[in-house]
Amino acid sequence: MSSSPLIPDKISDDALVIKQYKSLINKLIPLQQENRLLEGLNKFSGRLPSRVRNIIKEEVIRLTSLTDASADNSQFAKFPVLKFKHFGIAMRLDKVGQEILQRETNRFSDRYTVGVFESVMNSEHYQSFIKQEQQEKIVKAFCVESQYFNDIDFGEDLAIRPNFTVFSPTFDKGKNCPVLSLSHKGMVVETKRTPVIETENSVFVFTFPKVAGFTDKQTDITYVLTDTNFNKESSVFETAFSLSPATPKKFIERLAKYVENAVNQFPLQRELEIERVMQNLERDRILANSPWIPLFLGQKDGQLQPLFELMTPTNLEYNSRYSNLKDLPTHNIFYNLIKELQVHKETFLLKGVLENKNQEVHVAATHRQLANNGLIKQFIQLATLSDKFSVIQYRLETVEASHKSVAFDIHDIIASEYGELSQISHILFCKDVTNWIGNLKIAQPEPLKPFPKVIIDDLSRWSIAIVMEDQTDRRAEARYLMNAPAIIKVGLFKQHEATLNDLSAHGLKLTLNKPGDINFEEQIKISVKVLKLSGQKYQIVKYDKTSGILHLKLPEQLVKTEGQKLRGLFSNNSEYFNQRDLSIRQRNIYRFLWELSIRNLPCASVLITNNRFTIDRLKTIYHKEESFDLQPFDVLGNEVPLHGFLADKDATGPKSQLLEDMLRKNQRDAHVVHVVRSNNKQIIFIKEQDFLFGKVRSQISSHVSKNAIEPFVTHLSAMRCTDPNTPLTSKRLAQISKLDLNVYTKINAMQKGYTHVLYITNVSLFHSVLLKFSIYPEAKTTNK
């Protein structure tokens, strides 16, 4: 291609060289201003042709030459133009031009040069500067304060507020003073009036009482006075002391160990306790409104098996089509699922029903198993023929021993009395994602292959204890835990030995010592010697012949009379039965599982509060230290920029139509899609509809199969907070109410300000497989 006849070839070539080596020219500018241009040329451009070196050299000298040209950007200015002088030279620039002038002048060592003049007068540079400023404002607007799911580590600042007093003969006339704060460095004591100090050297010997875990008798500890002030809020004097420098190192270590071990028995020092309470309340809110179902696993017979499920009204409603009791697959499939999760931490289970010779065969396999065996297209093709196809997302979290210890301590649970809780080692979080997967279609069906037998679900199910909040529990009366021998009489001569597991005023549960296929009559008689029950008639509710568990209830005609007798038995032996009240045990188990869950939540979560400005409603984001859910974006210190997920891509300022729709128009779910180029790591935003349907999806699928790009698909779910309180709100606020009633009132009132929790979940694993195998969701058609 020939150059323009009005521009000589040499000038055109020089411009191309300058454009190509622009970054090198920018590096050489500060060296030229230090008279080290030749040194820089030799260092950075030693292998360049001499002609190119000369062009670069001349351009650097030109840009750093002083000029007296007047700058005027009125032709393309976006804001009002002002007249002023810069180094005595008249200027006509708007506020953006002035910022560019100041920035470029600083870059050229506080000199007005040709480079400064050209930057100010370049409209493309001006537009680029405005765009950069706009982007910075958008990023800043969507930056949200971040916290981890782990408990706050107060480090060296850790201090507790114990429930004992100390005294010193030379401080406040030897009166007993409550300790407001105790740490391994010092303490703060409280007095009603200005303390009377009877020493001149500020050294005091305080006598500590016998304290379990710290001192086995009254102990004298030497402190040095550091400060005294009057607390207007609590109307008391607070006097701070530091440990004497002569305190033995071993004693300081013992004190530090006591403070560390007592953090869950006592409130923390006031400011620290407020932080702890706020974190607990916010994590509680995330769990209470979470769509994920926590399933707790423990070792049994050398394998991880499900023990408990924590049910909340929200996860029950969100997963209305999925139940672990009914849908968690058979043992072999489950064990393979767990093995995969222990390596990869996340998987998607595909479930369905296949027709085989007029028989229905229930099947289940993970997306990874099907993809590795080349069976995923065939599985989806056949399973989607019925309406029983479903996709369940699982994430596995390992429970740390410290989490269990904290849970036991916070709720004063004796670990030895709850052996089943000590067995818990993992939490399997489950979520039904069938609704947003859509109707999947195969672009190019493949020849059918035989499925392996390991994917067949024999419909045998796990015995899982469903644990729920007291208010959610559908039981209308107290039940009592028992372990007593019982006799089941069937007819005139037959009887079966059993064990009484629990009972209430209207029913009981037994386990047969020898379970089997037993034909029970509609009514049977139960005898329990320890309760002095003999031949009590009961009606069968449910019998499991495999486990031998038998549920019974009193017949309708006996409810009033016999039920009253049993209530009398419970009342007359209240001490015995109160210790066996299953509601208390159930509450302790519920709270223990809750504490484990809030420290191991499965996905990033944003708390949203009331505010007239939508973006300002984003309060705090909770996530793991290494959160895959926030990719392809990075965490900036203690803030997370959410503009990549929420900001309108074509807007010139901070705006989010997606957030408006989710918070004000009740849109619950949405997907945000990005792809990252493998060669230069550039992040490209893709519209959701383009990603799901049409030519763009085909192009993305092609690039994914060639490993040219990596897709990042993020599922956003905005869950409305229907209740200002969570099941543990009163428990959390109990401690702070004793420390500061005003703070308690404020924090309690704050709970009404939370409106939503936005859950951010990376679902790229599943979508990557769909793209790789050219599987696509069917576009929804609308009737006109």
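Only a predicted model underlies this, so the values are computations on that prediction, with no experimental measurement involved.

**Q** When you look at the pattern of salt bridges in this model, what are you seeing that I'm missing?
**A** Where charged atoms from two side chains of opposite charge approach closely, those side chains can pair. Scanning the entire structure with this criterion turns up 34 salt bridges. Between R270 and E271 there is a salt bridge, with the nearest N and O atoms lying 3.1 Å from each other. On the accessibility criterion, E271 (40% relative accessible area) is partly exposed. The closest approach of N and O atoms between R479 and D502, which form a salt bridge, is 3.3 Å. Here R479 is found in the loop between β17 (465-468) and β18 (480-490), whereas its partner D502 is found in strand β19 (residues 494-503), with 23 residues between them in sequence.

**Q** Hey, could you run me through the packing of aromatic side chains in this one?
**A** How two aromatic rings sit relative to each other is set out by the distance from centre to centre and by the angle between their planes. Within the structure shown, the criterion is met by 27 aromatic pairs. Ring plane angle 85 degrees and centroid distance 5.1 Å describe the contact between Y576 and F577, whose orientation is recorded as edge-to-face. Measuring from centroid to centroid gives 5.7 Å for Y590 and W594, while their planes differ by 40 degrees, and the two rings are tilted. Of this pair, Y590 and W594 both sit in helix α20 (residues 582-598), separated by 4 residues, roughly a single helical turn.

**Q** Quick question: what am I supposed to make of the sheet that holds strand β25 (residues 618-623) here?
**A** Where strands meet in a sheet, backbone hydrogen bonds hold them as pairs that are either parallel or antiparallel. Overall, mixed pairing links the 8 strands, which are arranged β26-β3-β25-β24-β30-β29-β27-β28 in an open sheet. Unpaired on one side and paired on the other, β26 (639-641) and β28 (683-686) mark the two borders of the sheet. Strand-to-strand twist across the sheet, computed as the mean angle between neighbouring axes with direction ignored, equals 30 degrees. Looking at chain direction, strand β27 (residues 669-677) and strand β29 (residues 709-720) are connected through 9 bridges and run antiparallel. Within β29, the residue paired with V672 across the bridge is T714. Packing against the sheet, helix α22 (residues 657-664) makes contact with β24 (604-609), β25, β27, β29 and β30 (754-762), and its axis sits at approximately 30 degrees to β29. Where helix α27 (residues 764-772) meets the sheet, it contacts β27, β29 and β30, and its direction lies at approximately 135 degrees from that of β29.

**Q** Help me understand the sheet that holds β19 in this model?
**A** Strand order around the closed barrel formed by 6 strands is β18-β19-β20-β23-β22-β21, with antiparallel pairing between neighbours. Strand-to-strand twist in this sheet, taken as the mean axis angle between neighbours without regard to direction, amounts to 45 degrees. As paired strands, β19 and strand β20 (residues 507-512) are joined by 5 bridges and run antiparallel to one another. Looking across to β20, one finds that D502 is bridged to K509. Packed onto the sheet, helix α18 (residues 559-572) meets β18, β19 and β22 (533-543) and runs at close to 110 degrees relative to β22.

**Q** Help me understand helix α3 (residues 37-44), please; the structure alone is not making it clear to me.
**A** For an α-helix the count is 3.6 residues per turn, leaving residues at separations of three or four pointing the same way. What α3 keeps buried is the set L37, G40 and L41. The arc enclosing the buried residues of α3, seen along the axis, measures out at 100 degrees, which places them on a common side. Exposed and facing more than 90 degrees away from the buried side of α3 are L38, N42 and K43.

**Q** How should I be thinking about the environment of H506 in this particular structure?
**A** Relative to the elements of secondary structure, H506 occurs in the loop between β19 and β20. Sequence separation between H506 and L552 is 46 residues; the distance between their C-alpha atoms is 8.7 Å. Once residues lying within four places of it in the same chain are set aside, the contact partners of H506 are E477, L552, K553, L554, V559, G563 and R567.

**Q** I'm lost on the environment of N35 in this one. Help?
**A** Of note, N35 is situated in the loop between α2 (22-33) and α3. C-alpha separation for the pair N35 and K525, spaced 490 residues apart in sequence, amounts to 107 Å.

**Q** Can you help me understand the pairing of strand β3 (residues 143-148) in this one?
**A** Two faces belong to every sheet, and in a regular strand the side chains alternate between them. In terms of strand pairing, β3 meets β26 through 3 bridges, oriented antiparallel. Within β26, the position partnered with V144 by the bridge is V640. Bridge count between β3 and β25: 4 bridges; the pairing is parallel. Residue pairing for β25: E145 is matched across the bridge by T620.

**Q** Help me understand the packing of helix α9 (residues 270-288) against helix α25 (residues 729-739) in this model?
**A** Packed helix pairs are characterised by how far apart their axes lie and by the angle those axes make with each other. At a minimum axis distance of 10 Å, the contact between α9 and α25 shows a crossing angle of 165 degrees. Regarding the angle of α9 to α25, the classification is roughly antiparallel. Judged by the sense of rotation from one axis to the other, the crossing of α9 with α25 is left-handed. Taking contact as the criterion, the partners of R270, E273, I274, V277, N280, L281 and D284 in α9 are, on α25, T729, R732, L733, Q735, I736 and L739. Grouping the constituent residues of the contact of α9 with α25 by class yields 6 nonpolar, 3 polar and 4 charged.

**Q** I'm lost on the packing of α25 against helix α26 (residues 741-750) in this one. Help?
**A** Between α25 and α26, whose axes approach to 6 Å, the crossing angle comes to 145 degrees. For the pair formed by α25 and α26, the contact residues are L733, I736, S737 and L739 on the first element and L741, V743, Y744, I747 and N748 on the second. Looking at the contact of α25 with α26, its residues break down into 7 nonpolar, 2 polar and no charged.

**Q** Explain the pairing of strand β12 (residues 346-356) here, please?
**A** Counted residue by residue, β12 has 9 buried out of 11 residues, so it is predominantly covered. Alignment of β12 against strand β14 (residues 390-398), held across 6 bridges, turns out to be antiparallel. Following the sheet pairing, L349 is matched in β14 by I392. The sheet contact formed by β12 and strand β13 (residues 359-366) spans 8 bridges and is antiparallel.

The rules we used
Residues numbered from 1 in each chain as written. Predicted model: local features only at pLDDT ≥ 70, side-chain atom pairs only at ≥ 80, totals over all residues. Heavy atoms only, no water. Salt bridge = Lys/Arg side-chain N within 4 Å of Asp/Glu carboxyl O. Buried < 20%, exposed > 50% of the residue type's maximum accessible area, 1.4 Å probe, protein only. Helix = DSSP H or I, 4+ residues; strand = E, 2+ residues; numbered from the N terminus. Phe/Tyr/Trp six-rings, centres within 6.5 Å; stacked < 30°, edge-to-face > 60°. Pairing = 2+ DSSP bridges. Axes fitted to C-alpha atoms, helices over the stretch in contact; angles between N-to-C directions. Contact = heavy atoms within 4.5 Å. Arc of directions from axis to C-beta. Parallel < 35°, antiparallel > 145°, perpendicular 65-115°, else oblique. Left-handed = near helix turned anticlockwise from the far one by under 90°. Nonpolar A, V, L, I, M, F, W, Y, C, P; charged D, E, K, R; others polar.

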